[in-house]
Amino acid sequence: MIQLPIWAAILIALIMVALVLIVWSTKRRRRPRLDLDSETGGDGDLMQTIAGLTQSTVVGGNRIELIQNGQYFERLFADLEAAKKTINFETFLCKEGEATRRLAEIVCRKRADGVKVQMMMDGSGSKHFGKEDVKRMRAAGAEVHFYHPLRPSNLGRINNRDHRKIVIIDGRLGYIGGHCFVDTWLGNAEDKKHFRDVTARVEGPVVGQLQSVFAENWIEETGDVPGGDEYFPQLEPCGESEAHVAWVSPAGAPSTVKLLHYLAIRAATKSITLQNPYFLPDPDARKALLEAVKRGVKVRVMLPADTASDAPVVQHASHHHFGTLLKAGVRIFEYQRTLLHQKVFTIDHRWSAVGSTNFDDRSFEVNDEVSMAIYDEKVASELEAIFEKDLEHATEVHLEKWKKRPALHKMKDFLLFLFNEQM
């Protein structure tokens, strides 16, 4: 057995401590104080502030359509078939099946027509896309890359996943939302084998911001810069919605998608409706929600029941703070029918957000995410109508009954919450 001198053991220990400090310091972010003057009034006064603080710019003249459940694939595939110059595709989760096969067939046809196709899929979430379909697309000339694939050279970045779900066609038409390319997203959320989701179809100047989102990870992973009119054309107004996109999170800076969500809650003066599959608010978010209720804001949250979720451990972790929220007056509903996967919210019946961002630390601090804020009463009204319709398949959680849940349930909630930052 080799015995190290004391000075060598101390040196090794100091080096290890230094390495830990270096890793910690490179990922450390100062937590922003999210206090806003609620007397300034909701979105009308704070719209530009929230856009500016999320490193974005509000642009008008957009046409935004909300697409639900399996209808997403029919609309997207039709738009892909109509592509003239470019297709830019970025997503997290793909699994071999009908959805991926249809996508691969369209990609091969469009390449034959001369359309440029660039696809960025997460190296973990999309590893089961289907090897033969990936080969076919690459053989047809499509550029298919995987973000941070699972290999030794990515060891230091393996926890950073690309959770974005966007498609941009000809630089003029975009999709942003929660849909994954898995067959459980087909259908109409009729049972537990067919999930519930919402994605926005977007036309107008804000599509340029979605293209920038794609370009960020494309350049990071490939080194190639997608430039020119075929990617960033001049976009004329074509609708009535104002919008901006939050996505960038430079090292050391506060997460812009986190700022978007938290500042929106702080800005609310009348109502907050939030639907999200993974709801794990940190202390700042819980404080913001509780203070919103105190100032008279009607706060409603809907998430999937643990029996309907694809990740019941996350739902149990989220249960840990239900009591605190319920006691303060936040109303919580659990969707029973299937996995409710849309990541949407509305504020004061006037503005809203749609995107890939879960309401948890992983999405706010670790993953690459994207959310689009929409300033349009019609879109907010439609999202609130979706919430009301989903109430037909949801059960409200009441405080007194919740406090009486079994001791084993409470213990499971507490233990799983200890790992909430990585869920």
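Residue positions are counted from 1 within each chain, in the order its sequence is given. Note on the predicted model: pLDDT of at least 70 is required for a residue's local features to be given, and 80 or more for side-chain atom pairs to be given and counted; whole-chain, interface and lining totals, by contrast, use all residues. Side-chain metrics in this entry use all non-hydrogen atoms of the structure; hydrogen atoms and water are not considered.

Draft legend 1. Focus on the packing of helix 7 (residues 256–267) against helix 8 (residues 283–294). Every axis in this analysis is a line fitted to C-alpha atoms, fitted for helices over the stretch in contact. Angles between the N-to-C directions lie between 0 and 180 degrees. Helix numbers and strand numbers start at the N terminus; a helix is a DSSP run of H or I with at least 4 residues, a strand a run of E with at least 2. For the pair helix 7 and helix 8, interaxial distance at closest approach is 9 Å and the crossing angle is 20 degrees. The angle between helix 7 and helix 8 falls in the class roughly parallel. For the pair helix 7 and helix 8, the sense of crossing is left-handed. Facing Y262, I265 and R266 of helix 7, the residues of helix 8 in contact are D284, A285, K287, A288, L289, E291 and A292. Under this grouping Gly is polar, as are all residues other than the nonpolar Ala, Val, Leu, Ile, Met, Phe, Trp, Tyr, Cys and Pro and the charged Asp, Glu, Lys and Arg. Looking at side-chain class alone, the contact of helix 7 with helix 8 contains six nonpolar, no polar and four charged residues. Here roughly perpendicular refers to angles of 65 to 115 degrees, roughly parallel to angles under 35, roughly antiparallel to angles over 145, and oblique to all remaining angles. Each crossing is labelled by how the near helix is turned from the far one, with a counterclockwise turn of less than a right angle marking it left-handed and a clockwise turn marking it right-handed. Should any heavy atoms of two residues lie within 4.5 Å, those residues are counted as being in contact.

Draft legend 2. Inspection of helix 8 at higher detail. To estimate how far a helix should reach, multiply one less than its number of residues by 1.5 Å. Between the first and last C-alpha of helix 8 there are 16 Å, a value that for twelve residues agrees with the 16 Å anticipated at 1.5 Å per step. What qualifies as a polar contact is a pair of N or O atoms within 3.5 Å, subject to a donor-acceptor requirement within protein and to the restriction that residues adjacent in sequence count only when both atoms come from side chains. Two or three places before D284, at the opening of helix 8, D282 has a side-chain oxygen 3.1 Å from that residue's backbone nitrogen.

Draft legend 3. Summary view of the nonpolar core. For the purposes of this section, nonpolar cores are sets of buried Ala, Val, Leu, Ile, Met, Phe, Trp, Tyr and Cys residues that join through side-chain atoms within 4.5 Å. A simple rule labels every residue: compare its accessible area, found with a 1.4 Å probe on the protein chains alone, to the largest value its type can have, and call it buried under 20%, exposed over 50%, or partly exposed in between. Counting residues in hydrophobic clusters, the biggest one holds 42 residues, and the most contacted among them are V299 and W351. Here the element with the most residues in this core is helix 7; it accounts for eight residues. Once you skip the residues sitting within four places of it in the chain, V299 turns out to touch I272, L289, A292, V293, G329, V330 and R331. Formed by 39 residues, the second largest nonpolar core is a distinct cluster that contains A99, V115, F195 and L339.

Draft legend 4. Structural detail: empty space enclosed by the protein. Grid points spaced at 1 Å and placed over the protein atoms alone form the basis of the search, with a cavity being a set where a 1.4 Å probe fits but cannot get out and a pocket an open set showing protein on both sides within 12 Å along at least five of seven lines. Lining residues have an atom within 4 Å of a point. Grid points are joined across faces, edges and corners, and a volume is the space filled by probe spheres set on the points. According to the stated counting rule, one finds four cavities of 30 Å³ or more in the structure shown. Looking at the largest cavity, its volume works out to about 40 Å³. Along its surface, the largest cavity is lined by H261, L274, Q275, N276, K343, V344, F345, A353, V354, G355 and S371. At the level of elements, strand 9 (271–275), strand 12 (343–347) and strand 13 (351–355) are the ones that each hand at least two residues to the lining of the largest cavity.

Draft legend 5. Local environment of a nonpolar patch on the surface. Grouping into patches uses exposed residues only, defined as over 30% relative accessible area, and leaves out salt-bridged ones; the cut-off is 9 Å for like charges and 5 Å for nonpolar side chains (Val, Leu, Ile, Met, Phe, Trp, Tyr). Using the Shrake-Rupley algorithm and a 1.4 Å probe, accessible areas are obtained, with residue cover drawn only from the displayed protein chains. Each salt bridge in this description consists of a side-chain nitrogen of Lys or Arg and a carboxyl oxygen of Asp or Glu lying within 4 Å of one another. Among the surface-exposed residues, W7, L11, I15 and L19 lie close enough to one another that they form a single nonpolar patch of about 450 Å² accessible area. Following the sequence through the fold, L11 ends up in helix 1 (residues 6–27).

Draft legend 6. Geometry of the packing of helix 4 (residues 98–112) against helix 5 (residues 131–139). Interhelical geometry of helix 4 versus helix 5 gives an angle of 10 degrees and a closest axis separation of 9 Å. By the angle class used here, helix 4 and helix 5 are roughly parallel. Mapping the contact onto sequence places T100, R101, A104, E105, V107 and C108 in helix 4 and D133, R136 and M137 in helix 5. Classifying every residue of the contact of helix 4 with helix 5 gives four nonpolar, one polar and four charged.

Draft legend 7. Layout of helix 3 (residues 71–81). Buried within helix 3 are the following residues: Y72, F73, L76, F77, D79 and L80. Looking down the long axis of helix 3, one finds its buried residues gathered within 160 degrees of arc, a one-sided arrangement. Looking at the buried residues of helix 3, the elements they touch are strand 1 (59–68), strand 2 (86–91), helix 4, strand 5 (166–169), strand 6 (173–177) and strand 7 (198–203). The arc in question is formed by the directions pointing from the helix axis toward the C-beta atoms.

Note that every value here comes from positions in space, so none of it alone points to a role or purpose.
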